[in-house]
There are 2 protein chains.
Amino acid sequence: MSKEQLLVIGGVAAGLAAAMQARRMAPDLDITVLEKTSDISYGACGLPYVISGLIPQLERLVIHTPEYFREQHNIQIHLNTEALEILPARSLVRVRTATGEEKREFHFTNLVLATGAAAICPPLQGHELAGVFVLRQLRDGRRLLAFIEQERPHAAVIVGAGYIGLEMAEAFRARGFDTTIIESSDKVMSALGGRLRDRVVEELRGQGVEVILGEKVVAFEGAENRIARVVTESGRAFEAQIVVIGIGVRPAVEIAKTAGLEIGVSGAVATDAMQRTSAVNVFAAGDCCETLHRVSGRRVWFPLAQPAVRQGWVAGANAAGLTPAARFAGIVGTNAVKVFDLEVARTGLSFEEAQAEGFDASVTEDESASRAGYYPDGAKILTRIIYDKNGRLLGAQMVGREGVAQRINVYAAALHANLKIEEVNRFDLAYAPPFAPTIDPILRATRPNDE
Amino acid sequence: MSKEQLLVIGGVAAGLAAAMQARRMAPDLDITVLEKTSDISYGACGLPYVISGLIPQLERLVIHTPEYFREQHNIQIHLNTEALEILPARSLVRVRTATGEEKREFHFTNLVLATGAAAICPPLQGHELAGVFVLRQLRDGRRLLAFIEQERPHAAVIVGAGYIGLEMAEAFRARGFDTTIIESSDKVMSALGGRLRDRVVEELRGQGVEVILGEKVVAFEGAENRIARVVTESGRAFEAQIVVIGIGVRPAVEIAKTAGLEIGVSGAVATDAMQRTSAVNVFAAGDCCETLHRVSGRRVWFPLAQPAVRQGWVAGANAAGLTPAARFAGIVGTNAVKVFDLEVARTGLSFEEAQAEGFDASVTEDESASRAGYYPDGAKILTRIIYDKNGRLLGAQMVGREGVAQRINVYAAALHANLKIEEVNRFDLAYAPPFAPTIDPILRATRPNDE
């Protein structure tokens, strides 16, 4: 009987979490990780801060080397090795190695698919011009940094006001570039509306970013194969020697599709709580797969680093045969982003999402102070609470100069516990003048109307 | 039939919260507040920051004037008016006014007792010397500031390492005083032990504070009626031209006792969830009364500003006849304090408290990063988790340079929802490199042993 083999496709957050967790469970298991690029084990979320210059070298984002995994954990890493085809029935993956176009096969007893997500690059005229970037993988950051170094751009356009777009606006301003964000919708961070959206836009403009909402980019125009202008539907043209497209990502599921794995309605690989796919012995984890949204009860696609790592742990444990099986509890949709001096965070459903899910949803907004009124350097926190007709909390959004990215987690905890807003309003929360007012913004935002 | 009269004894947090809430419920109610001192409506928690100089004037701590309450809310405030005796059966309070020793009576339909707590000043030799202070009320701060101004002390001793002691250490160092804390136990903040205690002591010493644990102060020695030295049981003498005693507070219940109101085992006024005392038509709120601890299920005395205000709201609403009656949900024991550059926070029961309450308690400690590893200026957060044999969360304590005072609230939320630590470990928490690592310290501290 040959030794059991765990094969992992994808060498970033979910894939390596799976490999490491499998190793903890099964000290003797053969574990192999295939990575398409030449980089593994890095924090892609740090890319904007390398580009801004806050983090001085790209290599700081690398957590561990292939040697670390091989020598410390007996995990084999194959770089520049692209999985081309999975044959679940034959327990086989066909790969291509980028260097020599060499074709190879890897056998597996269990497979963990962690192919992640890819940045969407719309097929607009001129998208192939030099200076037009997406930012997703370490190599994207490397190319962008090299381009800045060589070409010394001074005007930047960012397409899309999602979190990558907002972080890149800060990075480009830190570089001193004239910076414009063009967003086709009237929202930022895809779901942030109302006064919270306005607060973010004010912050961007206050920091010298031109913000254009409700305009679609239709073409990139260049000269000598280099980007020069970004043109919108209304005919406006914005000068740019560098462009970052941050309009979103899509799950990288091509290989899963051709293998016949079930794809969910979200477009990502369908998985259960044990991170199993529709094929026996094939697990999936991270940005390529769906997960349970605990508020809506639906399986959704919500590609973020924290659930990716935790799904990886579950997939790895189960691929290594853990009994009883590990289970991923699902998400409540928590997310935070720094936008210059603002903290912006959300959890649960937005008002529009709650309506779309069929909830009889209401929304309230509150503005209150982050610290005791007499304590210096406090800030106003703007909170939006979404709840159903029984008072059940459905979601929260917060914007402020401090204390937001941590406070949102209290609402996330309340969503996990399926609480009503009146229950959140009873929470006994920490008070000290430097950290909070006597009655915390979390309590203010959930108070009954009679208080 | 004469008009209904609400009488409130005590013009700070709980008392004024009660008066204001009663006004919201009953626009025509006669509302009168009696305040023993000449100050009302101030944030006593800000006193250390006035003494440090961070807040430039003591008056900044005052929220509203008596005129504001009278003119804007038709609430009558009597300053320098000390309630001497409550006669519940006669619906009468006898008072003395400080200025003219005038005696008066106030009738009430409903009474709210909000007499607060008093700083404990041990009857040690020399405690009456000039330069020996407690710090509880605005007038304490006023005297202390005047003393510093006149006497220009350069060496300070703080008796007690509770939160007032720790905050005053920072204030005195900001003034440039040689500062010594003498604490009789081996703990700080009364319940903080283990590595967390050590971290706080390190911070104090790193900031130039001499910290003496496990020594009892036995005498204050002076010259010309001024403090000069603090002497401990072991015979050591510490030079001091100013002393702050911060060994704790006791509920101000003398008037409640003589009125025959039931006093709980904690020594504070016994109240139910509606903030009713044992006497019909007498409510109590704030630091003079007990409250439900949701983790132990016991009624405890936990004198802090946030529950005080909320109890005041409940007492005021019910005294004004709200139906159905308002109820105070109780506390879970959340508290935070800034100690120089450290944030220190706790919620729930400490390990020792859990044992004393009869829980089969365990404790784990974890240290992890406040931000993504590659992001600048992160800090280590030290977390202590207390849980019972079924894995139910009983308490948490945290120490770190950032992100502690807000994170503790996530554990507080979990205590409110009566969750197990494995449920906390499933929380979907916000991640972004400037604010948290991919797996938040909250998750790290609650992870199963196999991760």
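Engineer: So what's going on with the overall build of chain A? Residues and values would help.
Structural biologist: Check the secondary structure of chain A and you find 12 helices and 25 strands. At 23 Å, chain A has a C-alpha radius of gyration in line with the 22 Å of a compact globule built from 451 residues. Referenced to the eigenvectors of the C-alpha coordinate spread, the extents of chain A come out at roughly 70 × 60 × 40 Å. Within chain A, buried positions represent 60% of all 451 residues. Considering only contacts in chain A between residues 6 or more positions apart, those separated by 24 or more positions represent 62%.

Engineer: If you had to explain the packing of aromatic side chains to someone new, which residues and values would you point to?
Structural biologist: For the coordinates displayed, the defined rule picks out 8 aromatic pairs over all chains. Their ring planes at 85° and their centres at 5.0 Å tell us that Tyr-49 of chain A and Tyr-375 of chain B sit as a pair that is edge-to-face. One end of the pair, Tyr-49 of chain A, is in helix α2 (residues 47-51); the other, Tyr-375 of chain B, is in the loop between β23 (362-369) and β24 (380-387), on a second chain. Summarising the burial analysis for this pair, Tyr-49 of chain A and Tyr-375 of chain B share the class buried. Both rings, one in Tyr-68 of chain A and one in Phe-69 of chain A, keep their centres 5.2 Å apart while their planes meet at 85°; by these two values the pair is edge-to-face.

Engineer: Let's hear about the pattern of salt bridges: which residues, and what values?
Structural biologist: Counted under the stated rule, the structure contains 58 salt bridges over all chains. Notably, a salt bridge pairs Arg-401 of chain A with Asp-341 of chain A, separated by 3.6 Å at the nearest N-O pair. One end of the pair, Arg-401 of chain A, is in the loop between β25 (393-400) and α10 (404-416); the other, Asp-341 of chain A, is in the loop between β21 (335-339) and β22 (342-348), with 60 residues separating them in the sequence. The exposure class assigned to Arg-401 of chain A is partly exposed, which follows from its relative accessible area of 45%. In this structure, Lys-187 of chain B and Glu-352 of chain B form a salt bridge, with 4.0 Å as the shortest nitrogen-oxygen distance. Of this pair, Lys-187 of chain B sits in the loop between β11 (178-183) and α6 (194-206) while Glu-352 of chain B sits in helix α9 (residues 351-356); the two residues are 165 residues apart in sequence, bridging distant segments of the chain. Note on Lys-187 of chain B: relative accessible area 18%, which makes it buried.

Engineer: Which residues make up the interface of chain A and chain B, and what values go with them?
Structural biologist: Tallying the contact residues gives 57 residues for chain A and 57 residues for chain B. Summed over both sides, the interface of chain A with chain B buries roughly 5,200 Å², with 66% coming from carbon and sulfur. If you sort the residues of chain A by the area they bury against chain B, Tyr-374, Asp-428 and Phe-435 of chain A come out on top, with a joint share of 15%. Here chain A and chain B share 0 salt bridges between them. Listed by contribution, the elements that provide at least two residues to the side of chain A that touches chain B are α1 (13-25), α8 (305-319), β21 and α10 of chain A. Here the side of chain A that touches chain B takes 9 residues from α10 of chain A, the largest share from any one element. For the side of chain A that touches chain B, the class distribution of residues is 33 nonpolar, 13 polar and 11 charged.

Engineer: So what about the packing of helix α1 (residues 13-25) of chain B against helix α3 (residues 66-73) of chain B? Which residues, and what values?
Structural biologist: All names here are of chain B. In contact at an axis separation of 12 Å, α1 and α3 are set at 10° when each is read in the N-to-C sense. Considering the angle they form, α1 stands roughly parallel to α3. Here α1 contributes Leu-16, Met-20 and Arg-23 to the contact with α3, which in turn contributes Tyr-68, Phe-69 and His-73. Tallied by class, residues from the contact of α1 with α3 come to 4 nonpolar, 1 polar and 1 charged.

Engineer: I'd like a rundown of the environment of Ala-354 of chain B, residues and numbers included.
Structural biologist: Residue and element names in this part refer to chain B. Structurally, the position occupied by Ala-354 is in helix α9. On the basis of relative accessibility, which here comes to 0%, the residue Ala-354 falls in the buried class. In sequence terms Ala-354 and Ile-386 are 32 residues apart; their C-alpha atoms lie 8.0 Å from each other. Ignoring any residue separated from it by four or fewer positions in sequence, one finds Ala-354 in contact with Leu-349, Phe-359, Ala-361, Ile-386 and Leu-394.

Engineer: Give a description of the relation of the copies chain A and chain B that names residues and reports values.
Structural biologist: In screw terms, the move from chain A to chain B is a rotation of 180° and a rise of 0.0 Å along the axis, fitting with an RMSD of 0.0 Å. Considering both components of the superposition, the chain copies are consistent with a two-fold axis. The C-alpha atom lying nearest the rotation axis in chain A is that of Val-410 of chain A; the distance is 2.4 Å. A high fraction, 100%, of the interface residues of chain A reappear at the interface in chain B, so the copies pair face to face through one surface.

Engineer: Could you give me a rundown of the sheet that holds strand β13 (residues 217-223) of chain B, with the residues and numbers involved?
Structural biologist: Residues and elements named next belong to chain B. The strand order β13-β14-β15 describes an open sheet built from 3 strands, whose pairing is antiparallel. Looking along the sheet, the strands with just one partner apiece sit at the ends: β13 and β15 (237-239). Averaged over all pairs of adjacent strands, the angle between strand axes in this sheet comes to 30°, irrespective of strand direction. Sheet topology note: the β13/strand β14 (residues 226-232) ladder contains 6 bridges and is antiparallel. Note on β14: the bridge partner recorded for Gly-222 is Ile-227.

Engineer: Can you break down the environment of Pro-433 of chain A residue by residue, with the values?
Structural biologist: In this fold, Pro-433 of chain A is placed in the loop between α11 (421-424) and α12 (441-444). Owing to a relative accessible area of 2%, Pro-433 of chain A belongs among the buried residues under this scheme. Sequence separation between Pro-433 of chain A and Gln-406 of chain A is 27 residues; the distance between their C-alpha atoms is 17 Å. In contact with Pro-433 of chain A, other than residues within four places in its own chain, are Arg-371, Ala-372, Tyr-374 and Tyr-375 of chain A together with Cys-45, Gly-46 and Tyr-49 of chain B.

Engineer: How would you summarise the sheet that holds strand β15 (residues 237-239) of chain A if you had to cite specific residues and measurements?
Structural biologist: Residue and element names in this part refer to chain A. Taken together, the 3 strands give an open sheet; going across it, the order is β13-β14-β15, and neighbouring strands pair in antiparallel fashion. In the strand order of this sheet, the two ends are held by β13 (217-223) and β15, each with one partner. Pairwise comparison of adjacent strand axes, ignoring direction, gives a mean angle of 30° for this sheet.

Engineer: I'd like a rundown of the packing of α1 of chain A against α8 of chain A, residues and numbers included.
Structural biologist: All names here are of chain A. Between α1 and α8, the least distance of the axes is 7 Å, while the angle of their chain directions is 40°. Judged by the twist between their axes, the crossing of α1 over α8 is right-handed. Contacts between α1 and α8 pair Ala-13, Ala-14, Ala-17, Ala-18, Gln-21, Ala-22, Arg-24 and Met-25 from the former with Ala-308, Val-309, Gly-312, Trp-313, Gly-316 and Ala-317 from the latter. Across the contact of α1 with α8, the residue classes break down as 10 nonpolar, 3 polar and 1 charged.

Engineer: Mind laying out the nonpolar core, listing which residues take part and the relevant values?
Structural biologist: With 83 residues, the main nonpolar core has Tyr-411 and Phe-427 of chain A together with Tyr-411 and Phe-427 of chain B as its most contacted residues. Setting aside residues up to four positions removed in sequence, Tyr-411 of chain A forms contacts with Thr-347, Thr-383, Ile-385, Leu-393, Ala-396, Met-398, Val-424, Pro-441, Ile-442, Ala-445 and Thr-446 of chain A. Within the second largest apolar cluster, 49 residues are counted, among which are Leu-47, Tyr-49, Ile-148 and Val-337 of chain A.

Engineer: An account of the side chain of Asn-409 of chain B is requested, with residue identities and associated values reported.
Structural biologist: Tracing the chain through its elements places Asn-409 of chain B in helix α10 (residues 404-416). At 2.8 Å, the side chain of Asn-409 of chain B and the backbone nitrogen of Ala-430 of chain A are in polar contact. Discounting chain neighbours no more than four positions away, the residues touching Asn-409 of chain B are Val-410, Leu-429 and Ala-430 of chain A together with Thr-334 of chain B.

Engineer: Break down helix α6 (residues 194-206) of chain A for me, with residues and values.
Structural biologist: Between its terminal C-alpha atoms α6 of chain A stretches 18 Å, which fits the 18 Å expected from 13 residues at 1.5 Å a residue. Positive phi shows up at Gly-208 of chain A, right after α6 of chain A, with a value of about 90°.

Engineer: Which residues make up the state of the cysteines, and what values do they have?
Structural biologist: All names here are of chain A. For the structure on display, the rule yields 0 disulfides over all chains. Note on Cys-288: no disulfide assigned, nearest cysteine sulfur contributed by Cys-289 at a separation of 5.0 Å. Overall, the relative accessible area of 0% leaves Cys-288 in the buried class.

Engineer: So what's going on with the side chain of Thr-37 of chain A? Residues and values would help.
Structural biologist: Residue and element names in this part refer to chain A. Of note, Thr-37 is situated in the loop between β2 (30-34) and α2. Within the structure, the side chain of Thr-37 is placed 2.7 Å from the side chain of Glu-35, a separation counted as a polar contact. Among the polar contacts listed, one links the side chain of Thr-37 to the backbone nitrogen of Asp-39, at a separation of 3.1 Å. When near neighbours in sequence (up to four residues on either side) are disregarded, Thr-37 contacts Leu-79, Asn-80, Gln-137 and Arg-139.

Engineer: Quick one: what's the story with the confidence of the model for chain A, residue by residue and with numbers?
Structural biologist: Summing up the model confidence of chain A, the mean pLDDT is 95 and the portion of residues at 70 or higher is 98%. For this predicted complex, the interface confidence reaches an ipTM of 0.96, while the overall pTM sits at 0.96.

The rules behind each value
Residues numbered from 1 in each chain as written. Chains lettered and ligands numbered in written order. Predicted model: local features only at pLDDT ≥ 70, side-chain atom pairs only at ≥ 80, totals over all residues. Heavy atoms only, no water. Helix = DSSP H or I, 4+ residues; strand = E, 2+ residues; numbered from the N terminus. Rg over C-alpha atoms; globule rule 2.2 N^0.38 Å. Buried < 20%, exposed > 50% of the residue type's maximum accessible area, 1.4 Å probe, protein only. Contact = heavy atoms within 4.5 Å. Phe/Tyr/Trp six-rings, centres within 6.5 Å; stacked < 30°, edge-to-face > 60°. Salt bridge = Lys/Arg side-chain N within 4 Å of Asp/Glu carboxyl O. Buried area = accessible area lost by both parts, 1.4 Å probe. Nonpolar A, V, L, I, M, F, W, Y, C, P; charged D, E, K, R; others polar. Axes fitted to C-alpha atoms, helices over the stretch in contact; angles between N-to-C directions. Parallel < 35°, antiparallel > 145°, perpendicular 65-115°, else oblique. Least-squares fit on C-alpha atoms with pLDDT ≥ 70 in both. Pairing = 2+ DSSP bridges. Left-handed = near helix turned anticlockwise from the far one by under 90°. Core = buried A, V, L, I, M, F, W, Y, C linked by side-chain atoms within 4.5 Å. Polar contact = N/O pair within 3.5 Å; in protein donor to acceptor, adjacent residues only side chain to side chain. Expected span 1.5 Å × (residues − 1). Disulfide = S-S within 2.5 Å. pLDDT = per-residue confidence, 0-100.

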